[in-house]
Structures are given as C-alpha cells and as structure tokens.
Amino acid sequence: MPQVVIAAEPASGEPSSRLRRDSHSTLWTKGFVAKLVLLAMADALGLYGVIAAWAVRSWPILAVLIPALLAVNIVYFSRRLTPAKYLVPGLVFLLVYQVFVILYTGYAAFTNYGDGHNSTKADAVEAILAQSAIRVEGSPALDLAVLRDGDDYFFLVPDGAGGALIGSDGEALKAAPGARLEAGRPVGLDGYDTLSLGDIIAQTAVITAMAVPCSDDPNDGVLKTPDGAVAYAYIPTLLYDEAAGQLTSQADGAVYADSGEGNFISPDGTVLQPGWKTPIGFRNFTSIITEPSLRGPFLGVLAWTFVYAIGTVVLAFAVGLSLALVLNHPSVKFRRLLRSLLILPYAFPAFLSAMVWQGMLNPQFGFVNQVLLGGRWVDWLGEAWLARATVLVVNVWMAFPYMFLICTGAIQSLPAEVEEAARVDGAGWLRTFWNIKLPLLLVSTAPLLISSFSMNFNNFNSIYLLTGGGPLAQPTDKAGATDILISFVYRLAFGGVNRQYGLACAISMLIFIIVAGISALGFKRTKVLEEMN
Amino acid sequence: MAVAAPSALAPAVPPPVRPAAGSALAVLGRAGRASWRYAVALAALVFALFPILFVVSASFNPLGTLTSSNSLFSRVSIGNYGDLLTDPTHPYGHWFANSMFIGAVTAVGTVFLGACAAYAFSRFRFRGRRGGLLTLILLQMFPQTLAYVAIFLLLTTLKNVFPILGLDSQVGLVMVYLGGALGVNTFLMYGFFNTVPQSLDESAKIDGASHGQIFFTIILRLVAPILAVVALLSFIGTLNDFVIASVVLTTPDKQTLAVGLYQYISQSFSERWGVFASGAVLAALPVVAIFMGLQKYIVSGLTAGSVKG
C-alpha cells in the first residue's frame, strides 16, 4: 500500500486530459490509467503480503491485510465513495502506525510487561526449570561438538545408537541425520560450522550458559557443558505440573503456585524468576500513587512538566510579543533583515541547538563560564534548580522566534479603527495595549499557544539532548531534576536495569489524557471547532 | 507582511514636527528617536545569534577542542570538516544522506496524504466528517514518541512479512512517520483549503472537470503556500526526531543525523567539539537554507493558521 502514496506523486502532478463522465469512450484517460497502474501495484504488493504472511503463519497481519486490500479496491473501483478515495491513503498509515500503536500502548499499560515479565508463561516455566537444574548423579559425560550457524550455537551429541542429536538453547534435541562421527565422537554436520578449541575458548561465556532441552517436556531436563567438550544431563529440581499450573520442589516439596500476577510464588513468599507477561488491571496506574518510591518522583515530574510547558509558552510569547511590538514600527529600518536574523534559532534544527547549548554551558570548558564569567565554575546543568532554569531559558531561545512571527502577523492584522477609537477616548499606550490589543492578540493566537503548550509538554529533545533528564540526586533515583513526563517514561522503559514497559505505557496514556483534555478545553473556549461546519 | 500598519504604535510615539524630509538632520532625528528600538534589536540579535556564531566558529577552529572554541574566529581552517567526513567509526556522510532521504520522502508523503484528506474534509459532505476531523485532532495529541515500545514490536512483526518495512529499515521508518501525516497537518491544511472559494470548483465542474482534476490542477496550485509550510514542518520534524529513529535504526550506516551526532557528543564531548560543530553546521545548512528560502510562505502559512481573515 505504501507504494500508492509515493508513486502517486509524479502521476498526480500532471494535468490529465479532459474527462467527460457521461461518455464511455473517454474513460481511458491518463488519470484513469494512472489509477489502474497504482491500484495494480498496491494489489500486487498486498497479494505478496498475503502470501508471505501465510508462509510465516503471521495471522494478525493476514487479518489486517485482507480486509484492507478489499476495502482499497472497493473504494477506488466504486463510482461513489468519492471522499473515501481521498481519505484512504492517509487512513491506512494512520490506522497502522498511529491507531494501532496507541491501542497497543493502552493494552500494555494494563500488563506487567517489562524486565522479568517479557514473554509467555511457557517460556518462563522453561527458563525456571533450566535454572533450577542440577547435574544428575553419575550421569555419563557425553562427547560434544559445538556447532555454529550464523549467530546461533548448537550442541551435537551421540544418541547412543550410532547416530547423533542436535539441539540449541530453547530448541529441544532432535535426530541429526547425516552427522559425522569419529569413533563415536560427533564431529560435524552439513550446513553448520564446527567450532575449534580456539573458537570455544573465545565464546566460553556463551557456550557454558547454554541449556539444551532434552525433550519438549521441560521436566526432562537439559544438557549443559562446563567446557565445550563434554555435556552432562541436568535434571530440574522443580517439577512442573501443567494441569495444576504450579511448580513443586523435588528437594523440599515446596509448591510454587501461579500468583495471578505473572509469577510463581511459594506460600512463604519466595518468587521465582523470571515471570511472564500478564494483565494486571489498573495496578500500573494505582502504583503511581500508592507506591511511595514512585509517587514522589512522579508528582515532582508532573508538576515540573506543567511549569516547563507553561513557562516556555508564556516566556517565549512575552519575548516574541515584545520584540514584535518594538521592532514592528516604521521608524525601525531593516525590519525584514532583522526578522530574517531573529528567526534563525527557529530555523536551526532543535536537536542541534540542544547539543550546542550543552557545549556552551559546559562548566569546565564552556563559553559561558570561561569567557562570560571569566573562568568561574557554575554548573548550569548539574544543580537541580539551576538546571531547571537553564533548560527553560534554552527552550525559550528555541521557541521565541515562532512567537515573534505569529505576533508580528497578528499585530498587523489588528483592525486600526479599534486602536484609533481607544486613542480618541483618551486611552494611553499602556492601556490601549493591555485592555485592547493584548486581548485581541490572545484571541487570534490562542489556538497556536495551545498547540505550542502541548508540543512543549512532550518536548523530549530539548530535555533529553540537553540534560538527559538529570541531574539525579542519587544514581538510583527514578527521575532527574529536569525530567518531564515523556523523558521520565523513556527512563522507565529504557534507562537503568529494571525496565518497566507496562508502567511506561501507563504513564504514556496519562500524558495522552492530560494533553488531550487540556487541548479540548482550550479549543472549546477558543471556539476553533465551530469553524468545522 | 513586512510593512507594519503605520498606526500600530502611534500613541507611544506621537508624530513630532518633521524637519525637512531627506535632510541629514531628518535621518539622524528619526534614528535618534528609534535608537532604543535598535538597542532592543541588538540585544535580541545577540541572544538569538550567539549560539549559532559559536558553533560556526568552533567548526572552523583547527584546535578542535571545546576550550579552544571560546576564542571566536581566532583561527580558521577546514580541518574539522575533513576529519568529519573521513572518520570511519562515525559515517557522517551516510547519516547526512539518510536524514535528507528520510526527511524528503516523509515531507512529500505527508503533504500528499494531508492534502488529500484536507480536500475530502473541505469539499465533500459525508457522514462522520465532523467526527473524523475531531478524531484526527485527538489522535495527534498522542505523539508517536510515546509509543516507541509498540512501534518496536510492530516493526519486529512486520519484518517477518515485509522485510523492507521492518526494523532497521529506513523505508520502515518513513512509514512510521507517515502514520502521523494526518492529524495536525490535515487540520492546518483544512483551514487553508476552506479559504479557496467553492465557486472555483463549481465552475470547473460545469466545464466537465472531474474531482481529481479539480484537486490536482486547481486546488493544489492555489494552496501551494500551505503545502510548502507543511512540507517544511514535516521535514524539520523528521530531522529532529531522536527517539523513534534510534529505536528503529540500529546499523550505524543507516542511522540519522540526530542519532549519530548524539553518539558523537555523548562519547567524546569536549575533545572532538570542533568535529561535532562542523557536523552540526553541515546538518543545519540545508534546513536553514530551505527555511529562509520559503520564509514568505512559512510566515503567511503560520499566521493563516491563526489569524484568519
């Protein structure tokens, strides 16, 4: 489907010959042919996708692709549905890459998805059993060859009947027909490279960590090797009872039952790792408030996010409006040049601005300390409150030219009569500005200010690329001093050792609700939506 | 646009008795009265331009460290640019080409998808039209940046069926960006499309033009300014994206400027400042050039979105 969009550009640009809708003979116009070609391409791609999805058993993709393909064909071959012809290309992308990801994020927000909970229950059982395995007393040492195919490693062991078995991490042993054995020792198999002693030593860590299941039943144990030359059978000390869905310790008979929260837990509270991904209801949302280690950082970040977004908009608007008022005057020459120069920070890519400011504010070598302050040490981005003030100033630097531009435009479109009337009534400059001009300007710029607020509410780059969300008071802190919600989410999901995707998704949904709510209120008050009819 | 309404600030500066127009005295007199305005302009210029001058100067400084960059334009050489383009561990040339490619394709795609949708919303009356517009506004409140976990999983799954749309593919990344093509752009364009009188469409229709012809040959030309604005905003937005690009693209040769330069700065910050600066200047150059070239459109487009009339 994507091809439709890209390929449509050249074809759509050229004017096609006049099309008379009433006559059949003129149906084959350039436009119609272009449409046919594009649709054929889309269909070909779609069909390819259907076949490929079928081949890899990717049912979700198939379930989306077939209806989509049908819908596209119906829309473009129908004589009606004209608006749909213009909406479908964008909608396809919107549904897949925006709506779907929002829905998925919403779903993940209600799960415990994250480190220790990132796969299915079956995977968790297998991993727990493999971890608990101990070497079987007196079990024979199996001669082992370690094979490699690409990045994957395999164990090749004799099956005791003159043949060999092959298996890998998470892939149970199975017969390896055609394996080469020398005096009962397996040495190789077509399609795989046999590792030399040197290779094995280089990859010791990977190879000794491997646990090759003996069969598809995880209770049968695994093969492990201490040195890459011989393998021993390891039997789990825990027994998995699939019917009851619980693990029993062979040693002391302790029962680890499914806690319902994606873990096996014993009556005395011992939790087995790893767990698995499972829905946990509103736990992520409530933990933000009920867990003290999370509540403090979250509320701090929430408050700072509002201060940051509102502060940026208000300050940038104040600076932009002042400049527009001062410079937008007939007595100022080179207004056009001035404006071009003043909008340079806006034209300069924001991700670069953040990095450049980071360099200028470097406490040891940066320009601000070295030159402007004569070598004094001020850790602009290293102390909590100073860092907050600094990121605000830097963000105002990035945002004020936009406000300057829209204020210039808004001032120029103010009706002159209103102002003259005020002057005739004897109002001074300040009064005219405060009581008449500013309200009028606010009315006309309000929708843009709201958009600017919601943009800055989620202005990840200007925080992350400048301070990384820091400084952190303690290295283990959940949030840094300048972290706004979106960088806090990033920290939860990608920073540190304990990644909590579920929690991150829950906060993402909260951000969505906050921004959407505030924008809805704002737009309602500014009546922008009334223009829609 | 550049000419201010003469009365804009009249109460603040009452018209004085004018000396003979054209005389040197007149010029001086006017300059004197406006001098505080020039002082403000100067302060604003210093604030606005200093960081940019700093990075340009650093990029030409042969010593190349952050400390040495503090003496602006003391020595000039293009050595940093040479180092930048020949550094084998940081393939800057690739990053630059990737960013331009991804940005340009996304911009063109966004304009096309957005314009089509805006045309439908502006010119046709259909069931769900108002609801559709509202939904678009709502959906764009959810920045894709928030959904990188879901995007990562989606692209992992897609890779099995359409490898070109999967992880570590630039085309795949462009598709993700195009998912955000509707939304704010459509609404911005919708407002602008509405300012093109319907009577134009109707007369074309009477002449026998199809809706496709009206769209491609009449409307699109009349709304060119907003198309330029949306293309530019989309290009800049794409170029600035850090999170999604860093999640999707993993091979160094495939990465974008934002991801690549961030690695630069987080790895060897103060010693390689000059090389970073030259990379930043080269990266900013095309964006600033396009921005300045299309300034007229951007200003009119931005204000048309707000001060309609």
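In this convention, every chain numbers its residues from 1, walking through the sequence in written order. Following the order in which they are written, the chains are lettered starting with A and the ligands numbered starting with 1. Since the coordinates come from a predicted model, pLDDT governs what is reported: local features require at least 70, and pairs of side-chain atoms require 80 or more to be given and counted, while whole-chain, interface and lining totals use all residues.

S.K.: Go over the overall build of chain B, please, and point to the residues and values.
M.R.: Each helix and strand counted, chain B has 15 helices and 0 strands in total. Long-range contacts, defined here as pairs at least 24 residues apart, represent 72% of the contacts in chain B between residues at least 6 apart. Only runs of H or I of at least four residues qualify as helices and only runs of E of at least two qualify as strands under DSSP, and these elements are numbered from the N terminus. Each residue gets a C-beta atom placed from its backbone, and two residues are in contact if those atoms lie within 7 Å.

S.K.: Explain the overall build of chain A residue by residue, including any values.
M.R.: Across its full length, chain A holds 19 helices and 17 strands. In summary, chain A has a C-alpha radius of gyration of 33 Å against a globular reference of 24 Å for 533 residues, an excess of more than 25%. Expressed as a percentage of its 533 residues, the buried residues of chain A come to 40%. Restricting the contact set of chain A to residue pairs at least 6 apart, pairs at least 24 apart contribute 57%. Throughout, the radius of gyration refers to the C-alpha atoms, and the reference size of a globule is 2.2 Å times the residue count to the power 0.38. Here the C-beta atoms are placed from the backbone, and a residue counts as buried if at least 20 other C-beta atoms lie within 10 Å of its own, exposed if 12 or fewer do, and partly exposed otherwise.

S.K.: Could you give me a rundown of the sheet that holds strand β14 (residues 246–249) of chain A, with the residues and numbers involved?
M.R.: Residues and elements named next belong to chain A. Each pair of strands is called paired provided DSSP finds at least two bridges between the two strands. What the 5 strands build is an open sheet, ordered β13-β14-β15-β16-β17; its pairing is antiparallel. On the outer flanks of this sheet lie β13 (238–241) and β17 (271–272), each paired with one strand and no other. All axes are obtained by fitting lines to C-alpha atoms, using only the stretch in contact for helices, and the reported angles, taken between N-to-C directions, cover 0 to 180 degrees. Across the sheet, helix α5 (residues 121–132) lies against β13, β14, β16 (264–265) and β17, angled at about 160 degrees from β13, the strand it touches most.

S.K.: How would you summarise the interface of chain B and chain A if you had to cite specific residues and measurements?
M.R.: If you look at the interface, chain B gives 99 residues, while chain A gives 111 residues. With 12 residues, helix α2 (residues 35–60) of chain B is the largest single contributor of residues to the side of chain B that touches chain A. Of the residues belonging to the side of chain B that touches chain A, the class tally is 71 nonpolar, 24 polar and 4 charged. Residues are grouped as follows: nonpolar covers Ala, Val, Leu, Ile, Met, Phe, Trp, Tyr, Cys and Pro; charged covers Asp, Glu, Lys and Arg; every other residue, Gly included, is treated as polar.

S.K.: Got a sec to walk through the environment of Pro140 of chain A? Specific residues and values, please.
M.R.: Residues and elements named next belong to chain A. Counting through the fold element by element, Pro140 comes out in the loop between β1 (133–135) and β2 (142–143). For Pro140, a count of 11 C-beta atoms within 10 Å gives the class exposed. Taking the C-alpha atoms as reference points, Pro140 and Val230, 90 residues apart in sequence, are found 9.5 Å from one another.

S.K.: Can you break down unusual backbone geometry residue by residue, with the values?
M.R.: Even without being glycine, Phe334 of chain A reaches a positive phi, approximately 55 degrees. Backbone geometry at Asp168 of chain B places phi at a positive 60 degrees, although glycine is not the residue there. Inspection of the secondary structure assignment puts Asp168 of chain B in the loop between α6 (148–161) and α7 (170–178). When the 15 C-beta atoms within 10 Å are taken as the criterion, Asp168 of chain B is described as partly exposed.

S.K.: With reference to specific residues and values, describe the nonpolar core.
M.R.: Formed by 189 residues in total, the largest nonpolar core has its most connected members in Met403 and Val489 of chain A together with Met189, Leu261 and Ala280 of chain B. Each domain's extent was defined by an automatic or database domain assignment. Taken domain by domain, the makeup of this core includes at least three residues from each of domain 1 (2–15 + 25–108) and domain 3 (289–532) of chain A. Ignoring any residue separated from it by four or fewer positions in sequence, one finds Met189 of chain B in contact with Gly114, Ala115, Ala118, Val223, Ile226 and Val230 of chain B. Each nonpolar core consists of buried Ala, Val, Leu, Ile, Met, Phe, Trp, Tyr and Cys residues. Their C-beta atoms, within 7 Å, join them into a set. Core analysis: the second largest hydrophobic core is formed by 40 residues, Ala145, Leu189, Tyr240 and Leu247 of chain A among them.

S.K.: Talk me through the domain arrangement of chain A; I want residue IDs and the actual numbers.
M.R.: When its domains are assigned, chain A resolves into domain 1 (2–15 + 25–108), domain 2 (121–272) and domain 3 (289–532). One C-alpha centre belongs to domain 2 of chain A, the other to domain 3 of chain A, and the line joining them spans 56 Å.

S.K.: Before we move on, can you summarise helix α12 (residues 350–360) of chain A with the specific residues and values?
M.R.: Burial analysis of α12 of chain A places 11 of its 11 residues in the buried class, the great majority of the element. Along α12 of chain A, the residues classified as buried are Ala350, Phe351, Leu352, Ser353, Ala354, Met355, Val356, Trp357, Gln358, Gly359 and Met360 of chain A.

S.K.: Which residues make up the pairing of β14 of chain A, and what values go with them?
M.R.: Residue and element names in this part refer to chain A. Alignment of β13 against β14, held across 4 bridges, turns out to be antiparallel. Following the sheet pairing, Asp241 is matched in β14 by Gln246. Taking the residues between adjacent antiparallel strands as the criterion, β13 and β14 are bridged by 4 residues, where Gly245 takes a positive phi near 65 degrees. Here β14 pairs with strand β15 (residues 255–258) via 2 bridges, running antiparallel. Residue pairing in the sheet places Leu247 in a bridge with Tyr256 of β15. What sits between the antiparallel neighbours β14 and β15 is a turn of 5 residues, in which Gly253 has the positive phi angle 75 degrees.

S.K.: Let's hear about the sheet that holds strand β9 (residues 193–194) of chain A: which residues, and what values?
M.R.: Residues and elements named next belong to chain A. Spatially, the 5 strands line up as an open sheet ordered β6-β5-β4-β3-β9, and their pairing is antiparallel. Of all the strands in the sheet, just β6 (171–175) and β9 have a single pairing partner and so form its edges. Pairing analysis gives 3 bridges linking strand β5 (residues 164–168) to β6, with the strands arranged antiparallel. Among the inter-strand pairings, Ile166 is bridged to a residue of β6, identified as Lys174.

S.K.: Break down the confidence of the model for chain B for me, with residues and values.
M.R.: Residues and elements named next belong to chain B. Each residue gets a pLDDT score, which is the predictor's confidence in that residue and runs from 0 to 100. Of the residues in chain B, 85% have a pLDDT of 70 or more, and the chain-wide mean is 81. Predicted confidence is poor over residues 305–309, with pLDDT under 50, and the contacts of this stretch with residues over four places away or in other chains come to 15 contacts. With a pTM of 0.79, the predicted complex shows an ipTM of 0.82.

S.K.: Give me the environment of Leu414 of chain A: which residues, what numbers.
M.R.: Residue and element names in this part refer to chain A. Among the secondary structure elements, Leu414 is positioned in the loop between α14 (384–412) and α15 (416–424). Here Leu414 falls in the partly exposed class, since 18 other C-beta atoms lie within 10 Å of it. Leu414 sits 23 residues away from Lys437 along the chain, and the two C-alpha atoms are 7.9 Å apart. Every residue in contact with Leu414, bar those within four places of it in the chain, is listed here: Lys437 and Leu440.

S.K.: Any details on the pairing of β5 of chain A? Residues and values, ideally.
M.R.: All names here are of chain A. In terms of residue burial, β5 counts as a mostly covered element, since 4 of its 5 residues are buried. Two elements, strand β4 (residues 152–158) and β5, share 4 bridges in a ladder whose sense is antiparallel. Bridge assignment links Leu156 to a residue of β5, and that residue is Ile166. Taking the residues between adjacent antiparallel strands as the criterion, β4 and β5 are bridged by 5 residues, where Gly160 takes a positive phi near 85 degrees. Adjacent in sequence and paired antiparallel, β5 and β6 are bridged by 2 residues, among which Gly170 carries a positive phi angle near 75 degrees.

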